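Coordinates in review
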Amino acid sequence: MWQEKGIDYCELNFDGCLKNYLLQNAHRHSRYVYRNEQEKLYDFKQVIRACQVCHNILDDTSNTSWEESEECFYKLRGNE
């Protein structure tokens, strides 16, 4: 999917971003939400490509609130 869409970089670009190194999937919700809809784990609107640093910042609730995280997804993917 990422090759098809030409996304070979971190989409978040927070402070300390590794750009295109150690890329991984950052999900819109916790994995618990996807337990009955596992196909959504790979749905474009549910996933952002992020380096390890940005992914950790996004997931760390002491740095990022749910609303801030959702705002990142909304900017990049729109509504669910």
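Our focus in this paragraph is the packing of aromatic side chains. Per the stated rule, a full pass over the model turns up 1 aromatic pair. Lying across the ring of phenylalanine 44, lysine 5 places its NZ or CZ 4.4 Å from the centre. Over the aromatic face of phenylalanine 44 sits the side chain of arginine 77, whose NZ or CZ is 3.8 Å from the ring centroid.

Where charged atoms from two side chains of opposite charge approach closely, those side chains can pair. Scanning all chains against the criterion turns up 4 salt bridges. Of the charged contacts in the structure, one is a salt bridge between glutamate 70 and arginine 28, with a shortest N-O distance of 2.7 Å. A residue pair is termed long-range when its members are at least 10 positions apart, and glutamate 70 in helix α3 (residues 66–77) and arginine 28 in the loop between β1 (23–27) and β2 (47–51) qualify at 42 residues. Overall, arginine 28 belongs to the buried group, its relative accessible area being 4%.

Mapped onto the fold, serine 69 is located in helix α3. Given the relative accessible area of 10%, serine 69 is considered buried. Sequence separation of serine 69 and arginine 28 is 41 residues, and the distance between their C-alpha atoms is 7.6 Å. If we ignore the near neighbours within four places in the chain, the residues touching serine 69 are Leu58 and Thr64.

It is worth spelling out helix α2 (residues 52–59) at this point. The complete set of buried residues in α2 reads Cys54, His55 and Leu58. Taken around the axis of α2, the buried residues stretch over an arc of 100 degrees, which confines them to a single face. The secondary structure elements touched by the buried residues of α2 are β1, β2 and α3.

Once that is clear, we can look at unusual backbone geometry. Here the phi dihedral of asparagine 13 falls at roughly 55 degrees; this positive angle occurs in a residue that is not glycine. The phi torsion at lysine 19 lies on the positive side, around 60 degrees, for a residue other than glycine. The topology assignment puts lysine 19 in the loop between α1 (2–5) and β1.

The rules behind these values
- Residues numbered from 1 in each chain as written.
- Predicted model: local features only at pLDDT ≥ 70, side-chain atom pairs only at ≥ 80, totals over all residues.
- Heavy atoms only, no water.
- Phe/Tyr/Trp six-rings, centres within 6.5 Å; stacked < 30°, edge-to-face > 60°.
- Lys NZ or Arg CZ within 6 Å of the ring centre and 35° of its normal.
- Salt bridge = Lys/Arg side-chain N within 4 Å of Asp/Glu carboxyl O.
- Helix = DSSP H or I, 4+ residues; strand = E, 2+ residues; numbered from the N terminus.
- Buried < 20%, exposed > 50% of the residue type's maximum accessible area, 1.4 Å probe, protein only.
- Contact = heavy atoms within 4.5 Å.
- Arc of directions from axis to C-beta.

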